[in-house]
Amino acid sequence: MIYFSNINKINYEGPSSTNPFAFKFYNPEEVIGGKSMEEFLRYGVAYWHTFTMDGSDPFGAGTMVRPWDKYSDMDLAKARVEAAFEFFEKINAPYFCFHDIDIAPEGNNLKETNENLDTIVSMIKEYMKDSGKKLLWNTANNFTHPRFIHGAASSNHADAFAYAAAKVKKGLEIGKELGAENYVFWGGREGYETLLNTDMKLELDNLARFYHMAVDYAKEIGFDAQFLIEPKPKEPTTHQYDFDVATGYAFLQNYDLQDHFKFNIEANHATLAGHTFEHELRYARIHDMLGSVDANQGDPLLGWDTDEFPTDLYSTTLAMYEIIKNGGLGRGGLNFDAKVRRGSFEADDLFHAHIAGMDAFAVGFKVAQKLVDDNVLDGIVDDRYKTYTDGIGLDIVNGQTDFHKLEKHAYGLSEINHQSGRLESIKATINQYLLQAYAEK
Ligand code: XUL
Ligand code: CO
């Protein structure tokens with residue numbers, strides 16, 4: 001069955017196109033920095049936001065009008081698979097991502113749930129074979145059901161821990177079956193509300209035990225996906241254990257897990273943590289821990305995870321700068337963990353939203369590559385740190401100083417010859433690059 005009958009495949013028509021169902025900037029074949037946009041950007045569609053969520057919020061009912069709504073239970077799950085693959089094809093995204101409960105309804109017990117999953121997974125496998133679409137990552141939803149009220153791997157209750165483990169076990173088997181590139185752990189309720197009733201040490205130790213068991217099981221079944229932790233500072237719990245990349249990295253190192261994981265960085269989670277998106281990307285990149293990206297954006301006026309489709313070109317440029325400097329995302333990609341607004345309830349809006357996001361990162365890629373090619377930011381940074389390239393600075397960097405030698409150097413100083421940080425000039429230059437990338441056409 002066809003679900004988006006009024007829409008044809010979305011093609012690139014260029015910046016001056018007025019067709020709302022066309023890419024203005026995302027040209028899959030265009031080569032930038034030696035790589036085609038399609039190869040480098042590795043776009044993914046998030047199953048939960050695009051095919052499952054209904055637009056409900058704490059104040060109101062669902063608003064989304066979806067052509068598959070007329071079905072229920074397993075028929076609905078099957079209809080969503082059909083709709084999803086039609087959508088992937090028409091929007092021209094090579095990858096998709098899902099949680100277990102996005103693709104199949106939970107049964108009356110775990111066995112039934114897994115049987116439902118088996119049915120849908122074999123259907124998805126067929127569709128993947130026919131379409132060539134690939135699974136960027138899958139994950140287990142260990143946060144929605146009331147059994148995870150106090151967490152999953154960090155729950156106070158051992159039975160919840162066991163249930164969560166069983167779901168991840170199944171998730172790893174599904175990932176292997178579908179050839180997933182990555183497997184994601186987002187600690188939905190892995191955190192706490194109050195220390196007054198929380199054994200933080202036990203919870204953290206258990207979380208690490210859980211991850212070790214996941215690593216062992218993936219090895220046991222020969223599932224070689226890249227494991228990814230997705231940091232988020234808060235929501236749903238007051239304090240999430242995977243607060244940000246730095247916290248997650250320290251956790252991984254403390255528990256000797258650092259060789260088995262990288263990070264899946266989400267823009268809106270970064271801003272919730274009080275960082276910029278590019279800060280989180282940079283922190284991961286310089287530690288060789290940048291794995292994949294959940295592409296979205298937050299609303300600076302709201303303090304929660306709004307998961308908007310990314311449209312801020314300044315942000316996509318700085319994000320793509322980090323990704324280029326990382327040499328790409330390897331097995332990762334840009335997954336649109338983003339949802340249309342509650343008022344954008346028509347199925348067509350799913351296309352508008354993805355077009356907007358794919359175009360925004362395409363612009364970011366192009367502009368960032370030009371910044372790299374022209375050595376703009378590296379030039380500024382190299383100049384700013386030039387005192388470390390000779391004299392006492394070089395000695396510091398080479399580990400050839402101690403406090404005695406540094407004190408002697410300081411005694412000899414009359415003043416420090418600082419130079420301006422030139423922030424305003426740098427920002428003006430980036431604006432110039434943003435506008436010129438397309439003015440040249
Ligand atoms: C929640 C979030 C999740 C993860 C996967 O904020 O980002 O959708 O990406 O569980
Ligand atoms: Co996410």
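Each residue is numbered by its place in its chain's sequence as written, counting from 1. Written order decides the labels, with chains lettered from A and ligands numbered from 1. The model is predicted, so local features are restricted to residues of pLDDT at least 70 and side-chain atom pairs to those at 80 or more, both for listing and for counting; the totals for chains, interfaces and linings are taken over all residues. Side-chain figures throughout are based on the complete set of non-hydrogen atoms in the structure, without hydrogens or water.

Q: Could you clarify how one ought to interpret the site of ligand 1 in this entry?
A: The environment of ligand 1 is formed by Trp48, His99, Trp137, Trp186, Glu230, Lys232, Glu266, His269, Asp294, Asp305 and Asp337. Here an oxygen atom of ligand 1 and a side-chain polar atom of histidine 99 are 2.7 Å apart. A 3.5 Å cut-off defines polar contacts: any pair of N or O atoms within that distance qualifies, except that in protein one atom must be a possible hydrogen donor and the other a possible acceptor, and neighbouring residues in sequence count only when both atoms are side-chain atoms. For ligand 1, an oxygen atom lies 2.8 Å from a polar atom in the side chain of aspartate 337. Accessible surface is estimated by sampling points in the Shrake-Rupley manner with a 1.4 Å probe; for residues, cover comes only from the protein chains shown. Burial of ligand 1 by the surrounding chains reaches 94%, relative to a free accessible area of 290 Å². Looking at the shell around ligand 1 residue by residue, the class counts come to three nonpolar, two polar and six charged. By convention in these notes, a residue is near a molecule or strand provided one of its non-hydrogen atoms lies within 4 Å of it. Residue type decides the class: Asp, Glu, Lys and Arg count as charged, Ala, Val, Leu, Ile, Met, Phe, Trp, Tyr, Cys and Pro as nonpolar, and the leftover types, Gly among them, as polar.

Q: Mind showing me how you'd approach unusual backbone geometry here?
A: One can expect most non-glycine residues to show negative phi and most peptide bonds to be in trans. Of note, the bond from glutamate 235 into proline 236 is cis; its omega dihedral lies within 30 degrees of zero at 10 degrees. In this description a helix means any DSSP run of H or I spanning at least four residues, a strand means any run of E spanning at least two, and both kinds are numbered starting from the N terminus. Mapped onto the fold, proline 236 is located in the loop between β10 (226-230) and β11 (239-240). One non-glycine residue, asparagine 92, lies in the positive phi region at around 65 degrees. By the element assignment, asparagine 92 lies in the loop between α3 (73-91) and β6 (95-99). Phi is positive for aspartate 288, which is not a glycine, with a value near 55 degrees. Three exposure classes are used, based on accessible area relative to the maximum for each residue type with a 1.4 Å probe and protein chains only: buried under 20%, partly exposed in between, and exposed over 50%. Under the relative-accessibility criterion, aspartate 288 is labelled exposed at 53%.

Q: Just to check I follow, could you spell out the side chain of aspartate 242 for this structure?
A: Mapped onto the elements, aspartate 242 comes out in the loop between β11 and α8 (245-254). Under this rule, positive means Lys or Arg and negative means Asp or Glu; His and the chain ends count for nothing. Salt bridges, as used here, are contacts in which a Lys or Arg side-chain nitrogen is within 4 Å of a carboxyl oxygen on Asp or Glu. One buried charged residue, aspartate 242, remains without a salt bridge, the closest side chain of opposite sign being lysine 232 at 11 Å. The contact criterion used is simple: two residues touch if any of their non-hydrogen atoms lie within 4.5 Å. If we skip the residues at most four places from it in the chain, aspartate 242 touches Gly187, Tyr211, Ile229, Glu230, Pro231 and Lys232.

Q: Just checking my understanding: could you explain the coordination of the cobalt ion (ligand 2) for this structure?
A: For a metal with four tetrahedral donors the ideal donor-metal-donor angle is 109.5 degrees, while six octahedral donors give ideal angles of 90 or 180 degrees. Water is not among the atoms examined, so metal sites may look incomplete; donors are the N, O and S atoms within 2.8 Å of the metal, or within 3.2 Å for Na, K and Ca. Each protein donor to the cobalt ion (ligand 2) is listed here as Glu230 (OE), Glu266 (OE), Asp294 (OD) and Asp337 (OD); together their distances run 1.9 to 2.2 Å. Mapped onto the sequence, the donors of the cobalt ion (ligand 2) take the spacing E-x35-E-x27-D-x42-D. One end of the pair, aspartate 294, is in strand β13 (residues 290-294); the other, aspartate 337, is in the loop between β14 (334-336) and α12 (347-373), with 43 residues separating them in the sequence. Taken as a pair, aspartate 294 and aspartate 337 share a single burial class, namely buried.

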